[in-house]
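Architecture and fold: a report
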Amino acid sequence: MFSSILSADVRGITGVPILVETDISDGLPGLTMVGYLTSAVKESADRVRTALKNTGIPMPPKKITINLSPADTKKEGTGFDLAIAVSMMCSLGIFPQEWVEKILFLGELGLDGTIKKIRGVLPMVELARTQGCKVCFLPKENLMEGQIVEGICCIGVGTLRETMNRIIQRDYKENQTEDQLEETIEEEQPDFVQIRGQESVKQAAKLAAAGRLNLLMIGPPGSGKTMIARRIPTILPPMTREESLEVTKIYSVCGLLSKEGKLMTDRPFRAPHHTISVSAMVGGGRKPMPGEISLSNHGCMFLDEITEVPRNVLESLRQPLEDKVVQISRVSGNDIFPANTMLVAAMNPCKCGYYPDMNKCHCNARDIYRYLNKISMPFIDRMDLCVEAPRIAFEELTGTELGQTSAQIREEVISAHQMQLERYQGSGYRFNSDVKGADMEEYFRVGKTQKKILEDAFERLNLTARSYHKILKVARTAADLAGSQEIETSHILQAICYRNVDRKFWAV
Amino acid sequence: MKNDNKELPEGIRYIRKGDKEFPEKMLELYDCPEGIYVKGSLPNPEKKTVAIVGARMCSAYGRATASYFARELAANDVQIISGLALGIDGAAHQGALLAGGATFGVLAGGVDICYPRGNIELYTKMTGQSGIISEEACGCPPIAKLFPKRNRIISVLSDLVLVVEARQRSGSLITADFAMEHGRDIFAVPGRLDDELSKGCNELIFQGAGLAISPERVLEILGKRNKKSDNFKKYVQNVLAREENMVYSCLSLHPQGLEELCKHTQLSMIAVMEAITLLQLRGMVKEIGRNRYIKES
């Protein structure tokens, strides 16, 4: 008897339907699996056979053929086990095919029939909904994750027997997830109020968060660059539902969701170590997985000591930072991962870290040149804001003056975001950082006086066309933060102060 | 060292010991070279010559001071000689050129090789009444052991040696030692006791070098009446807005960051940022590193 059951796989961060077809017929007893399978999928035959036996369903001495369709795409992973088992049960006549139409089955089987959790449930359940499924069986542990998708009934099952009983009784009620009492441990959360001094860096961080701009901090060791970077997530506004879904999908594909598998509401913050490889940064592998830049999608990525990051890794970031997506090409096809991140980078001004404090710095001109040469100019060019994090004087560390709290800054950032969303309505842009090319002239219009200042700056400070546009972007963000519709002189001056560095700064 | 002028690259001359043009002062050297290579001119023997030397990795203050002394001296018809190195040397040449004076760079390698490459702009500007000098043949690479030898030429060609910033055991102190040998006056710019870059200078002063408190005093020693250079721009502070004025008055030749300026002026961070950018656009302030500012001198 023939049966076919819907299962799914993940490509990039979207689900693709996979049909599991089983046919049991007379012939030489045996089990064959076809459909361009990797060994993890081929081994599924043994898992399913044993799990069925241990559930009380013996294998008949017949010829069993299993096909995973479409048969020309490579299939990986263990998520098809449950679908294969259900398909076998259907072919054995335990229940008719009509009972399992339009139902998605996901899950890995243990030999005793238990169903184990898998990766990438969220995009696959979403696929099921778009395919018109009403019901979806998935591992109990992945239930919360599946329930994120609205408009489909998710059933979390623990064993193969439970699955079978549910199908036979046609009991397709969504099981309730017990709302676990959230135990929030009250620990001191990082907050901008804990940082004394560093007003200029804090202002730059605020601007970066408001316009989703890339920030570069330069300063001696111990000046608080890392402390500030770690507090940037606390001033980012909450995600919209679409953003949350996209971020949760990426984490789902990577198997990085928390145990409860809830929808992620906090913007991700990633701080990869500087020894990171290219594939870990932008994504890779034979079956491409998202890298750090995609994991920080809609959030923030902090790269400490960027001069120590391998050059090829930095270069690989250039294209995603510009296009906000990563495209990974393999023989089997292209995968596109979102990479809309805000990059915060930190570095020392020289090898020993103290230049231009000549009492402490013992580098010679060539040392400094070599140190800075580790970062390419095109990469530096992608940073919108650049600020010095100075060494903090003792009085400031012990002073009683408190700055703004993260919550206060966040309010300002949220209203700046609001202004941008209103301005860019219908244009396809969302934030100042997205605006490109000719649209800059339109959205970043400045008055006569401001134009004059920009002209002066262009000549006296030897700006390039690119840095000129960055200044406009930052100035527009400063205006948004101030709640001003027009870019005013003050905003332009601030932006010039935070303009990008060029090699000349270190000309010794 | 048999070198015919015809074989030399364009613009470079070889001057033999016996030639009329050969600087008489060079003969004071017990190991006087057989000849020297010149690109541009040689120092005018009728005019006074001051050597300004110092650290390559100098502070912004050192660079500004070297440039200031060179400018003031050059404006009073004093020729400035140095080693065309980065830092103090370069600033001294630059200062002299700004005042329209003559300045000479003595290289360790051949005169056709600009070392360091970073000073190529200066190197090309030092023609006409200025010049590049070396005792090594064209094409000779500037290797380490040639540098002390070059220092002795800087010293012997000058009437007075001024050390601006030098660490302990700095190469500039070698020049000062030669100056002592050649009987030249030695002056040093004093610094704070805890300043690593002034330890060498302070040591020189302790040993009896002159205290270079101003270009005027150095001119007096050279027997010259001081005439103020008109190149030195005096900015009219009263055109500035109040905030700009407050920020400007806090600035010095020692680089300061935004935080410090904020603290000293008691202005808000944004006000300081605006003021400093405006001052920069007026050309009154120089940013010598990310958000580190000095007064433009």
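**Digging into unusual backbone geometry**
Geometrically, the link from Ser69(A) to Pro70(A) is a cis peptide bond, its omega value of 5 degrees lying close to zero. Within the secondary structure, Pro70(A) sits in the loop between strand S4 (63-69) and helix H3 (81-91). In this chain, Tyr115(B) is followed by Pro116(B) through a cis amide linkage whose omega measures -5 degrees. Phi at His298(A) takes a positive value of approximately 65 degrees, unusual for a residue other than glycine. Note that His298(A) resides in the loop between helix H11 (292-295) and strand S14 (300-303). Here the phi dihedral of Asp77(B) falls at roughly 70 degrees; this positive angle occurs in a residue that is not glycine. Within the element layout of this structure, Asp77(B) appears in the loop between helix H1 (60-75) and strand S4 (79-82).

**Looking at the interface of chain B and chain A**
Each partner contributes residues to the interface: chain B has 32 residues there, and chain A has 40 residues. In total, about 3,000 Å² of surface goes out of reach between chain B and chain A, with carbon and sulfur atoms giving 61% of it. Three residues, Met57(B), Leu281(B) and Arg290(B), lead the burial of chain B against chain A; their summed loss comes to 26% of the area buried on that side. Scanning the region where chain B abuts chain A turns up two salt bridges. Ionic pairing is found between Glu388(A) and Arg292(B), a salt bridge with its closest N-O pair at 2.9 Å. One can count 16 residue pairs in polar contact (both at pLDDT 80 or more) joining chain B with chain A.

**Quick notes on the sheet that holds strand S12 (residues 292-295) of chain B**
All names here are of chain B. Strand order in the open sheet formed by three strands is S10-S12-S11, with antiparallel pairing between adjacent strands. Of all the strands in the sheet, just strand S10 (256-257) and strand S11 (285-289) have a single pairing partner and so form its edges. Of the strand pairs in this sheet, S11 and S12 are connected by four bridges, and their pairing is antiparallel. Within S12, the position partnered with Val 285 by the bridge is Lys 295. Here helix H10 (residues 269-281) sits on the sheet and contacts S11 and S12; the angle it forms with S11, its principal contact strand, is near 105 degrees.

**Some remarks on empty space enclosed by the protein**
Residue and element names in this part refer to chain B. Inspection of every chain in the model, using the stated rule, returns two cavities of 30 Å³ or more. Considered as a void within the structure, the second largest cavity measures approximately 30 Å³ in volume. The dominant element in the lining of the second largest cavity, judged by the number of residues it contributes, is helix H4 (residues 146-157), at four residues.

**Points about the confidence of the model for chain B**
With 94% of its residues at a pLDDT of 70 or more, chain B has an overall mean of 89. The ipTM assigned to the predicted complex is 0.80, against a pTM of 0.86.

**Things to note about the pattern of salt bridges**
All names here are of chain B. In total, this model carries 39 salt bridges over all chains according to the counting rule given. For Glu 287, the salt bridge goes to Arg 290, with nearest N and O atoms at 3.0 Å. The burial state of Glu 287 is the same as that of Arg 290; both residues are buried.

**Remarks on the state of the cysteines**
Disulfides are covalent bonds that connect the sulfur atoms of two cysteines. Residues and elements named next belong to chain A. Scanning the entire structure with this criterion turns up zero disulfides over all chains. Distance from the sulfur of Cys 136, which forms no disulfide, to the nearest cysteine sulfur (Cys 154) is 4.7 Å. Left unpaired, Cys 386 is separated from the closest cysteine sulfur, that of Cys 497, by 11 Å. Exposure remark for Cys 386: the relative accessible area of 0% places this residue in the buried category.

Definitions and cut-offs
Residues numbered from 1 in each chain as written. Chains lettered and ligands numbered in written order. Predicted model: local features only at pLDDT ≥ 70, side-chain atom pairs only at ≥ 80, totals over all residues. Heavy atoms only, no water. Helix = DSSP H or I, 4+ residues; strand = E, 2+ residues; numbered from the N terminus. Contact = heavy atoms within 4.5 Å. Buried area = accessible area lost by both parts, 1.4 Å probe. Salt bridge = Lys/Arg side-chain N within 4 Å of Asp/Glu carboxyl O. Polar contact = N/O pair within 3.5 Å; in protein donor to acceptor, adjacent residues only side chain to side chain. Pairing = 2+ DSSP bridges. Axes fitted to C-alpha atoms, helices over the stretch in contact; angles between N-to-C directions. 1 Å grid on protein atoms, 1.4 Å probe; cavity = no way out; pocket = protein on both sides within 12 Å on 5 of 7 lines; lining within 4 Å. Points joined across faces, edges and corners; volume = space filled by probe spheres on them. pLDDT = per-residue confidence, 0-100. Buried < 20%, exposed > 50% of the residue type's maximum accessible area, 1.4 Å probe, protein only. Disulfide = S-S within 2.5 Å.

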